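Architecture and fold: a report
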Amino acid sequence: MEKEAIKNHQDLRVYQMAFDAAMKIFELTKKFPVEERFSLTDQIRRSSRSVCANLAEAWRKRRYEAAFVAKLNDCEAESAETQTWIEFAVKCKYLDVESGRELYRIYNQILGSLVNMITNPSPWLMKR
């Protein structure tokens, strides 16, 4: 069975995982207390969505290895930030431990994929 060619950022498995995780976070944070609306809720939603947005930007910067890797580094940082907010949400008892572990595990997979792309960007770069 042949793999389909990746035509845009939405075809990347890491993007799909990040997008699904961000949507899951959106749904789960609807239950966070209203007093967290402009702090924890906003922060975790922003960082999780930023992973996807930065992946889209990275995909469009594939002409230049340094620019591509720099945007992937932003994705990595936003993923780690999201994990920190997940930890806070669990400690504050806004997320149950199992949901927190599952999200954290997903972001570990995302981070692993990003690190692989960062350390070996050449298969992803545009050929001149």
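Conventions we followed
- Residues numbered from 1 in each chain as written.
- Predicted model: local features only at pLDDT ≥ 70, side-chain atom pairs only at ≥ 80, totals over all residues.
- Heavy atoms only, no water.
- Helix = DSSP H or I, 4+ residues; strand = E, 2+ residues; numbered from the N terminus.
- Buried < 20%, exposed > 50% of the residue type's maximum accessible area, 1.4 Å probe, protein only.
- Contact = heavy atoms within 4.5 Å.
- Polar contact = N/O pair within 3.5 Å; in protein donor to acceptor, adjacent residues only side chain to side chain.
- Salt bridge = Lys/Arg side-chain N within 4 Å of Asp/Glu carboxyl O.
- Expected span 1.5 Å × (residues − 1).
- Core = buried A, V, L, I, M, F, W, Y, C linked by side-chain atoms within 4.5 Å.

**As for the side chain of Thr41**
Residue placement: Thr41 occurs in helix α2 (residues 40–60). A relative accessible area of 5% means that Thr41 is categorised as buried. Setting aside anything within four residues of it in sequence, one finds Thr41 in contact with Thr29, Phe32 and Glu36.

**Quick word on the environment of Asp42**
You can see Asp42 is positioned in helix α2. A relative accessible area of 25% means that Asp42 is categorised as partly exposed. For the pair Asp42 and Thr29, spaced 13 residues apart in the sequence, the C-alpha separation amounts to 9.0 Å. Separated by 2.7 Å, the side chains of Asp42 and Arg46 make a polar contact.

**Re the pattern of salt bridges**
Under the definition given, this model contains six salt bridges. One salt bridge connects Asp74 with Lys71, and the closest N-O pair in it is separated by 3.3 Å. With a gap of three residues between them, Asp74 and Lys71 both fall in helix α3 (residues 65–91), about one helical turn apart. Between Glu102 and Arg105 there is a salt bridge whose closest N-O contact spans 2.6 Å. Taken as a pair, Glu102 and Arg105 lie in helix α4 (residues 97–119) at a separation of three residues, close to a single helical turn.

**Remarks on α3**
The end-to-end C-alpha distance of α3, which contains 27 residues, comes to 39 Å, matching closely the 39 Å that a straight helix rising 1.5 Å per residue would cover. The set of residues buried in α3 consists of Phe68, Val69, Lys71, Leu72, Cys75, Ser79, Thr82, Gln83, Ile86 and Ala89. In the core, the buried residues of α3 are packed alongside α1 (13–29), α2 and α4. Positive phi appears at Lys93, one or two residues downstream of α3, with a value of about 65 degrees.

**Overview of the nonpolar core**
Leu55, Leu72 and Ile110 are the most contacted members of the largest nonpolar core, which totals 31 residues. Put simply, the parts of the chain that give this core at least two residues each are α1, α2, α3 and α4. Once residues within four sequence positions are removed from consideration, Leu55 is found in contact with His9, Val14, Tyr15, Leu72, Cys75 and Leu114.

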